[in-house]
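Overview (structure and organization)
Spelled out, the chains give:
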Amino acid sequence: MYYIVTIEAGYERDTEPFEITRYIEASSTIKLFEELEKHPGFMSEELGYVITMVQPVSKEEFLEGKDEEKDNLDLLRKNVRFHVNKKCFVEAVGRNVPFKGKLDAETTACSVGGAGIKYKGKALELGSKVRVTIEGLEINNKEAKVVWVSSREEECKVGLKWL
């Protein structure tokens with residue numbers, strides 16, 4: 001069977017949401033969702049990706065759609081993320097950080113490319129540079145850049161890219 005899958009991305013972050021359309025072949029709807037689960041973030045509102053539509057299509061529509069896809073399904077997220085909840089500390093590297101000293105935070109996810117954190121307080125600005133310590137993961141004073149921010153009711157979620 002052939003399916004068209006629409007994924008809404010970016011809505012959890014302070015960027016314009018956008019849709020990603022993928023054409024996927026699977027023997028059944030259950031196998032389709034098993035395949036989608038292999039791709040981190042597809043089924044996670046917390047990470048900013050949500051499947052908004054799954055619809056069967058004909059083989060002709062599938063082949064035509066596959067030809068129009070510009071990138072591989074695996075490239076949507078470059079590094080596998082692990083849901084890890086560990087206490088961490090964030091320190092400012094530059095001056096455009098809305099706190100002094102160390103900020104107490106907690107990780108939401110980690111990968112070789114970065115980490116997601118959450119904390120109470122004012123939101124960090126996009127592009128801010130910070131130093132992160134996550135003792136439980138043996139990460140000490142690792143520099144990172146803020147690549148996305150989501151702020152709601154005094155709780156902030158921030159995506160960090162390791163430098």
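Residues numbered from 1 in each chain as written. Predicted model: local features only at pLDDT ≥ 70, side-chain atom pairs only at ≥ 80, totals over all residues. Heavy atoms only, no water.

Thoughts on the overall build of the chain
A count of helical and extended segments in the chain gives two helices and nine strands. Secondary structure of the chain in N-to-C order comes out as β-β-α-β-α-β-β-β-β-β-β. For the chain, the residues scored as buried account for 40% of the 163 residues in total. Summarising the internal contacts of the chain: among those between residues at least 6 apart in sequence, 57% fall at separations of at least 24. (Helix = DSSP H or I, 4+ residues; strand = E, 2+ residues; numbered from the N terminus. Buried < 20%, exposed > 50% of the residue type's maximum accessible area, 1.4 Å probe, protein only. Contact = heavy atoms within 4.5 Å.)

Observations concerning the packing of aromatic side chains
Ring pairs (aromatic) are described by centroid distance and by the angle formed between their planes. Per the counting criterion, the structure on display carries one aromatic pair. The interplanar angle of 40 degrees and the centroid separation of 4.6 Å between the aromatic rings of Tyr2 and Phe62 together place this pair among those described as tilted. One end of the pair, Tyr2, is in strand S1 (residues 2-9); the other, Phe62, is in helix H2 (residues 59-68), and 60 residues separate them in sequence. Residue Phe62 is classed as buried on the basis of its relative accessible area, which comes to 7%. The lysine or arginine in question, Lys102, covers the ring of Phe89, its NZ or CZ lying 5.7 Å from the ring centre. (Phe/Tyr/Trp six-rings, centres within 6.5 Å; stacked < 30°, edge-to-face > 60°. Lys NZ or Arg CZ within 6 Å of the ring centre and 35° of its normal.)

Looking at the nonpolar core
Core analysis: the largest hydrophobic core is formed by 21 residues, its most contacted members being Ile117, Tyr119 and Leu160. Counting only elements with at least two residues in this core, the list comes to strand S4 (87-92), strand S5 (102-111), strand S6 (114-120), strand S7 (129-134), strand S8 (139-152) and strand S9 (155-162). When neighbours within four sequence positions are excluded, Leu160 is seen to be in contact with Gly113, Gly114, Ala115, Ile117, Val130, Val132, Ala144, Lys145, Val146 and Val147. In terms of nonpolar packing, the next biggest core, distinct from the first, is built from nine residues, Ile7, Ile24, Leu36 and Ile51 among them. (Core = buried A, V, L, I, M, F, W, Y, C linked by side-chain atoms within 4.5 Å.)

What to know about unusual backbone geometry
Positive phi values are uncommon outside glycine, yet Glu138 reaches one of about 55 degrees. Among the structural elements, Glu138 can be located in the loop between S7 and S8.

A few points about the confidence of the model for the chain
When pLDDT is averaged along the chain, the result is 78, and 77% of the positions lie at 70 or above. Long-range and interchain partners of residues 72-76, a stretch whose pLDDT sits below 50, account for eight contacts in this model, where long-range means more than four residues apart. (pLDDT = per-residue confidence, 0-100.)

Considering the pattern of salt bridges
Scanning the entire structure with this criterion turns up two salt bridges. Note that Glu34 and Lys31 form a salt bridge whose closest N and O atoms lie 3.5 Å from each other. With Glu34 and Lys31 both in helix H1 (residues 29-37) and three residues apart, the pair spans about one turn of that helix. Judged by relative accessible area, Lys31 falls into the partly exposed class, the value being 43%. The shortest N-O distance in the salt bridge between Arg131 and Glu143 comes to 4.0 Å. Residue Arg131 is found in strand S7, and its partner Glu143 is found in strand S8; the two are separated by twelve residues along the sequence. By relative accessible area, which is 28% here, Arg131 ends up partly exposed. (Salt bridge = Lys/Arg side-chain N within 4 Å of Asp/Glu carboxyl O.)

With respect to the environment of Gly116
Relative to the assigned elements, Gly116 resides in strand S6. Among the residues examined, Gly116 registers a relative accessible area of 3% and is labelled buried. Each C-alpha atom, one on Gly116 and one on Val149, is 9.7 Å from the other, the two residues being 33 residues apart in sequence. Sequence-distant contacts of Gly116, defined by excluding residues within four places in its chain, comprise Glu106, Thr107, Thr108, Ala109 and Val158.

Side note on the sheet that holds S6
Taken together, the six strands give a closed barrel; going around it, the order is S4-S5-S6-S9-S8-S7, and neighbouring strands pair in antiparallel fashion. Recorded for the sheet is a direction-independent mean angle of 45 degrees between the axes of neighbouring strands. As defined by bridge partners, S4 adjoins S5 across five bridges and the pair is classed as antiparallel. Residue pairing in the sheet places Phe89 in a bridge with Asp104 of S5. (Pairing = 2+ DSSP bridges. Axes fitted to C-alpha atoms, helices over the stretch in contact; angles between N-to-C directions.)

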